[in-house]
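# Understanding the architecture of this molecule
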Amino acid sequence: MMPPTIYSTQLCPLHRAPASATPRERPILFSAPMVRALLDGTKTQTRRVVKPRKDRRWGCDLVPHELAGEINSGDFTNTVYGQPSDRLWVREAWQGPLVDGDVYERQGGNMLPFQKPEYCRYAADGGPRPEYLDADDNMRQGWKPGIHMYRWASRITLEVTDVRVERLQDICAADAKAEGIEGQFENGPWRNYGRDGYWFPEGKDTAPVLSYRSLWEQINGAGSWAANPWVWVIEFRRIAS
């Protein structure tokens, strides 16, 4: 079997942009493995496919390379994920608020005091699916999809440090690691998400990119890497919620 094609391993360029004068908040959805990477500090970037959109100033269709020219030069008029200093609150699979009936009754049946992360449980943390009463007082068990998470239930807030638009395959080894790929040690080997139990070898600059490629294809399907779409690249740091 031929080895996989090796893509760019150049050093990552520095990207700087002015901070937002009035920071805004936006939700962003992450899967359970990526939430765990956020919590342990190994994930500081995410990539999302650029979708067709209208120019907010002129109403015309924006093609990806035009959007890249704007965003990468510091014009965030048509940004989807904000700009430096803006914040992203993380949506993930969850359940809550979960409160004992006696505690709930002592609050006079008022659920508002319990609409906080400390009264929620999260699928990314592992453990059994929680039990809860639905609106008709029927006992249920399970998680709510992250897409339906409320702001008050979010336990992770990210501050945007950079936003740019580039081709997927422009990713370099350092950025692949910043995507939160799983490594056995600091310098690898790196997980092959397409084959359980297989790892890309340590000590090779291309290994992190190959690992991220396998993760991308696991999420987006076969051929999604080869398509080399334009992507949003959002860099961030975790801050206190």
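Every value quoted in this text rests on a predicted model; they were computed, and no experiment measured them. (Residues numbered from 1 in each chain as written. Predicted model: local features only at pLDDT ≥ 70, side-chain atom pairs only at ≥ 80, totals over all residues. Heavy atoms only, no water.)

### A closer look at the packing of aromatic side chains
According to the stated counting rule, one finds 7 aromatic pairs in the structure shown. Here tryptophan 94 and tyrosine 150 contribute two aromatic rings whose centre-to-centre distance is 6.2 Å and whose plane-to-plane angle is 80 degrees, an arrangement assigned as edge-to-face. One end of the pair, tryptophan 94, is in strand β6 (residues 94–95); the other, tyrosine 150, is in the loop between β9 (139–141) and β10 (157–167), and 56 residues separate them in sequence. For tyrosine 150, a relative accessible area of 48% gives the class partly exposed. Relative to tryptophan 152, the ring of tryptophan 94 lies with its centre 5.7 Å away and its plane at 85 degrees, an arrangement referred to as edge-to-face. Remark: tryptophan 152 occurs in the loop between β9 and β10 and tryptophan 94 occurs in strand β6; sequence separation between them is 58 residues. Among the residues examined, tryptophan 94 registers a relative accessible area of 0% and is labelled buried. Overall, tryptophan 152 belongs to the partly exposed group, its relative accessible area being 22%. Put simply, the rings of Trp94, Tyr150 and Trp152 touch in pairs and so form one group of aromatic residues. We note arginine 48 situated over the ring of phenylalanine 30; from NZ or CZ to the ring centre the distance is 4.8 Å. The positively charged end of arginine 195 is found above the aromatic ring belonging to tyrosine 198, 3.7 Å away from the centroid. (Phe/Tyr/Trp six-rings, centres within 6.5 Å; stacked < 30°, edge-to-face > 60°. Helix = DSSP H or I, 4+ residues; strand = E, 2+ residues; numbered from the N terminus. Buried < 20%, exposed > 50% of the residue type's maximum accessible area, 1.4 Å probe, protein only. Lys NZ or Arg CZ within 6 Å of the ring centre and 35° of its normal.)

### Examining the pattern of salt bridges
Side chains that differ in sign of charge can pair as their charged atoms come close. On inspection of all chains with the given rule, the structure shows 18 salt bridges. Aspartate 75 is the salt-bridge partner of arginine 57, the closest N and O atoms lying 3.0 Å from each other. With a gap of 18 residues between them, arginine 57 in the loop between β3 (53–54) and β4 (61–62) and aspartate 75 in the loop between α2 (64–72) and β5 (87–91) connect regions that are remote in the sequence. Taking the relative accessible area as the measure of exposure, aspartate 75 reaches 24% and is therefore partly exposed. Here arginine 191 ties to glutamate 182 by a salt bridge, and the two come within 3.3 Å at their closest N and O atoms. A relative accessible area of 38% means that glutamate 182 is categorised as partly exposed. Among the ionic contacts, a cluster of salt bridges with common partners joins Lys43, Arg47, Asp162, Arg164, Glu166, Asp175, Glu179 and Glu235. (Salt bridge = Lys/Arg side-chain N within 4 Å of Asp/Glu carboxyl O.)

### Here we look at unusual backbone geometry
In this chain, glycine 96 is followed by proline 97 through a cis amide linkage whose omega measures -5 degrees. Counting through the fold element by element, proline 97 comes out in the loop between β6 and α3 (101–106). In this structure, proline 189 follows glycine 188 across a cis peptide bond, with omega equal to 0 degrees. By the secondary structure assignment, proline 189 is in the loop between α4 (173–178) and β11 (190–191).

### A look at the sheet that holds strand β1 (residues 25–29)
Strand pairing in a sheet is mediated by backbone hydrogen bonds. Such pairs are either parallel or antiparallel. Taken together, 5 strands build an open sheet; the order of strands is β1-β5-β10-β13-β2 and the sheet is mixed. What marks the edges here is a single partner per strand, and that holds for β1 and β2 (45–49). Adjacent strand axes in the sheet meet at a mean angle of 40 degrees when their direction is disregarded. Direction of pairing for β5 relative to β10: antiparallel, over a ladder of 3 bridges. When the bridges of β10 are listed, arginine 87 appears paired with glutamate 159. Running at roughly 45 degrees to strand β13 (residues 230–239), helix α1 (residues 32–40) makes contact with β5, β10 and β13 of the sheet. (Pairing = 2+ DSSP bridges. Axes fitted to C-alpha atoms, helices over the stretch in contact; angles between N-to-C directions. Contact = heavy atoms within 4.5 Å.)

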